[in-house]
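Observations on the three-dimensional arrangement
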Amino acid sequence: MRFDRSDGVFCHVTSLPGRHGIGDLGEGAASFLSFLGDAEVDYWQTCPVGPTIGAAGESPYQSPSAFAGNPLLIDLDGLVDDGWLTREDLEPVPEFPTDRVAYEEVRSYKLPLLRTAFERFEAATDAADRADTTVEFDAFRDREPWVDDYALFRAISAARPEDTWVEWPDPLRTRDPDALDAAREEHAETVRYHEFVQWTFDRQWTDLRRTAAEEGVGIVGDVPIYVALDSADVWANPEAFRLDDNNRPTMVAGVPPNPGDDGQRWGNPVYDWERLAEADYDWWIRRFRRLFDLADIARLDHFLGFVRYWGIPADDDDPAAGEWYDGPGRDLFETVEREFGEAPFIAEDLGFDDARMDDLMAEFGFPGMRVPQYANWCEGGNEYQPMNYPESVVGYTSTHDTDTWVGYYADLPADQRDCLHYNLGVDDGRPIEWEIIEDVWSSEAVLAMTTVQDLLGLGSEARFNEPGTLAGNWEWRVERDALSEELAGRLRELGAFHVR
């Protein structure tokens, strides 16, 4: 796909302002879109918006579903407007911190209210209203067949909180039809509750996309290449993964040892690409179809895995025990283009030098990524220095996995800092974050992106995620009054000069 030169801002939904302890799909998101509209920014990029769990550190990249939406993102005020909650139901609102998400406190507050909204929806007595909403609800369930398996998965998981699905009794683990029917009957109310929650998320996200379009803002979503083992995706689609006859993984994903490290064993089950190819990649087509309901463009995380992947025997904890295997390559993306037309993907290609990957990206017009925090500032022509970005990349000042630009700059060794000053022509009187923002915007990159943290000049205290750690990530939130008209104007002027 050919991208037009454009710009964008990254801010995950959870990081938005809101009075219920977490950014959601309501007024805070609408205000953020208004800010982007005033700044005449083209895109808003988010992390995946699926459910998160505390055991995985609330990572949106370790979700129990690649299709579902996060219930914690549902706007409670929207449910008041629907008539399924009252203003009194929402009170008292706990004194949530405004600068971070306290996930367990948010769950304790929001999830009982979602259950109340569901019970009111089920108990609606007005025949006309009941008929309209039931038709819409049933239409969603018919349109999104994944929701049935997801809702049943969550219901069984709730009834067996100590077990992952690979520890369920054989008939449930291997999806015996009689066992599934019995579970649906046993957990019917809980299944319907989860379907209701996903319908509500879908309705609110659709409204948010409409608001974004009115502001002239497209949405950039995110696709983790792998899914969590303890997910509805693997349980409901065992044929798509390398599993044994008992539906347990035979091979898991990771990366091999490199000089200076021992490699990584991620533990996600790998795909059975041969079987998927025989089925015209049906699971991936369904996944992308759902994605394009949520976003205009998608970042494909760990793009190398579509070309080749490191598979580790599931019974071996040593990453070095793995081997390289071929991924689907062009065959998958030819199938995607036959189904959807030109695919609007950004390829996360950071840190890998692979000619086949580069050729695949070039063939389909997928821009790669460049992040200046990976630069050697004293090396002439270094590919991560903004002045060397080609048109075929997306330039980021920072990402959700890096430090903020101010935090990165504070920790730079003296020689690298001197070289950075020389390369950027730094004026000591100007904030360093705006030096790099302008350099990324003035580069040849087809899309220039920054984070809200970098726009605000925040340090490492505002870092969103530190890979390899579990606690304290995915919590940062922007304060309500931080996104000012002055900041929007500054970003608008930058875009007018360098982008449009």
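Residues numbered from 1 in each chain as written. Predicted model: local features only at pLDDT ≥ 70, side-chain atom pairs only at ≥ 80, totals over all residues. Heavy atoms only, no water.

In the annotation of an unreviewed UniProt entry, the entry for the chain reads 4-alpha-glucanotransferase, and the organism field reads Halorubrum alkaliphilum. The record in UniProt for the chain states the following under Catalytic activity (unreviewed entry): "Transfers a segment of a (1->4)-alpha-D-glucan to a new position in an acceptor, which may be glucose or a (1->4)-alpha-D-glucan." (UniProt positions renumbered as here; feature names shortened; annotations may be inferred.)

**Considering the overall build of the chain**
Helix and strand counts for the chain stand at 19 helices and twelve strands. Relative to the compact-globule value of 23 Å for 500 residues, the chain shows a C-alpha radius of gyration of 23 Å, a close match. Considering only C-alpha atoms, the chain reaches an extent of 70 × 55 × 40 Å along its principal axes. Within the span of the chain, comprising 500 residues, buried residues form 56% of the whole. (Helix = DSSP H or I, 4+ residues; strand = E, 2+ residues; numbered from the N terminus. Rg over C-alpha atoms; globule rule 2.2 N^0.38 Å. Buried < 20%, exposed > 50% of the residue type's maximum accessible area, 1.4 Å probe, protein only.)

**Focus on the environment of Phe-118**
In this fold, Phe-118 is placed in helix H4 (residues 103–122). Judged by its relative accessible area of 1%, Phe-118 falls in the buried class. The spacing of Phe-118 and Leu-85 is 33 residues in sequence and 9.3 Å in space, taken between C-alpha atoms. Excluding anything up to four places from it in sequence, Phe-118 contacts Glu-189, Arg-192, Tyr-193 and Phe-196. (Contact = heavy atoms within 4.5 Å.)

**A few points about the sheet that holds strand S3 (residues 218–223)**
Hydrogen bonds between backbone atoms are what pair the strands of a sheet, whose relative direction is either parallel or antiparallel. Pairing is parallel in the open sheet, where eight strands are placed in the order S9-S6-S3-S2-S1-S12-S11-S10. The sheet is open, and its two edges are formed by strand S9 (345–347) and strand S10 (368–370), each paired on a single side. The average angle at which neighbouring strand axes cross in this sheet is 25°, direction not considered. Two elements, S3 and strand S6 (residues 297–300), share four bridges in a ladder whose sense is parallel. Each residue of the ladder has a partner; that of Val-223, found in S6, is Leu-300. (Pairing = 2+ DSSP bridges. Axes fitted to C-alpha atoms, helices over the stretch in contact; angles between N-to-C directions.)

**Examining the sheet that holds strand S7 (residues 308–313)**
The four strands are arranged S5-S4-S7-S8 in an open sheet whose pairing can be described as antiparallel. One side of each edge strand has no neighbouring strand; the edge strands of this open sheet are strand S5 (264–269) and strand S8 (323–326). When strand polarity is set aside, the average angle formed by the axes of neighbouring strands in this sheet is 50°. One ladder, built from four bridges, connects S7 with S8; its direction is antiparallel. Counterpart to Trp-310 in the pairing with S8 is Trp-324.

**Quick notes on the state of the cysteines**
Applying the stated criterion across every chain, the model contains one disulfide. There is a disulfide in this structure between Cys-378 and Cys-419, and the S-S distance comes to 2.1 Å. The disulfide joining Cys-378 to Cys-419 has a torsion of about 100° about its S-S bond and is therefore right-handed. Here the residue Cys-378 occupies a position in the loop between S10 and strand S11 (393–396), and Cys-419 occupies one in helix H16 (residues 414–424), the gap between them amounting to 41 residues. For Cys-11, which is in no disulfide, the shortest distance to another cysteine sulfur is to Cys-47 and amounts to 9.5 Å. Assessed through its relative accessible area of 1%, Cys-47 is described here as buried. (Disulfide = S-S within 2.5 Å.)

**Overview of the side chain of Ser-231**
Here Ser-231 lies in the loop between S3 and helix H10 (232–236). With residues up to four places along the chain from it excluded, the contact list for Ser-231 reads Ser-63, Pro-64, Ser-65, Phe-153 and Trp-165.

**A look at the pattern of salt bridges**
Counted under the stated rule, the structure contains 36 salt bridges. Where Asp-148 meets Arg-184, a salt bridge forms, and the shortest distance between an N and an O atom there is 3.0 Å. Taken as a pair, Asp-148 in helix H6 (residues 146–159) and Arg-184 in helix H8 (residues 177–186) lie far apart in primary sequence, 36 residues in all. According to the relative accessible area criterion, Asp-148 is partly exposed, its value standing at 27%. In this structure, Arg-356 engages Asp-326 in a salt bridge whose closest nitrogen and oxygen atoms are separated by 3.3 Å. Of this pair, Arg-356 sits in helix H14 (residues 355–364) while Asp-326 sits in strand S8, and the two are 30 residues apart along the sequence. Assessed through its relative accessible area of 42%, Arg-356 is described here as partly exposed. Taken together, the shared-partner salt bridges in this structure form one network comprising Arg-19, Asp-77, Asp-81, Arg-87 and Glu-91. (Salt bridge = Lys/Arg side-chain N within 4 Å of Asp/Glu carboxyl O.)

**Side note on helix H9 (residues 188–214)**
The end-to-end C-alpha separation of H9 is 39 Å, in line with the 39 Å expected for 27 residues at 1.5 Å each. Within two residues after H9, Gly-216 carries a phi angle of roughly 75°, on the positive side. (Expected span 1.5 Å × (residues − 1).)

**Overview of the pairing of S7**
Counting buried positions along S7 gives five out of six residues, so the element sits mostly inside the fold. Relative to S7, strand S4 (residues 251–255) runs antiparallel, the two being bridged by four bridges. Bridge pairing in S7 links Ala-253 to Gly-311.

**Let's talk about helix H1 (residues 27–38)**
Relative to the 16 Å expected for twelve residues at 1.5 Å per residue, H1 spans 16 Å between its end C-alpha atoms, a close match to the ideal helical length. Those residues of H1 that fall on the buried side of the exposure criterion are Gly-28, Ala-29, Phe-32, Leu-33, Phe-35, Leu-36 and Gly-37. Buried residues in H1 make contact with strand S1 (6–10), strand S2 (43–45), H9, helix H18 (452–455) and helix H19 (485–498).

**Examining the nonpolar core**
Among the nonpolar cores identified, the biggest contains 154 residues, and Phe-32, Trp-44, Trp-284, Phe-303, Phe-333, Phe-345 and Leu-420 are the most heavily contacted of them. Residue contributions to this core peak at nine residues, all from H9. Those residues in contact with Phe-333 that sit more than four places away from it in its chain are Leu-300, Phe-303, Phe-306, Phe-345, Leu-360, Phe-364 and Phe-366. (Core = buried A, V, L, I, M, F, W, Y, C linked by side-chain atoms within 4.5 Å.)

**Focus on the packing of helix H17 (residues 432–441) against H19**
Relative to each other, H17 and H19 sit at 35°, their axes nearing to 10 Å. For the crossing formed where H17 meets H19, the hand is right-handed. Along the contact surface, H17 presents Trp-434, Ile-437, Glu-438 and Trp-441, while H19 presents Leu-487, Arg-490, Leu-491, Leu-494, Gly-495 and His-498. When grouped by side-chain class, the residues that make up the contact of H17 with H19 number six nonpolar, two polar and two charged. (Left-handed = near helix turned anticlockwise from the far one by under 90°. Nonpolar A, V, L, I, M, F, W, Y, C, P; charged D, E, K, R; others polar.)

**Description of unusual backbone geometry**
Geometrically, the link from Glu-91 to Pro-92 is a cis peptide bond, its omega value of -10° lying close to zero. Tracing the backbone shows Pro-92 in the loop between helix H3 (87–90) and H4. For Arg-175, which is not a glycine, the phi torsion comes out positive at approximately 65°. Counting through the fold element by element, Arg-175 comes out in the loop between helix H7 (170–173) and H8.

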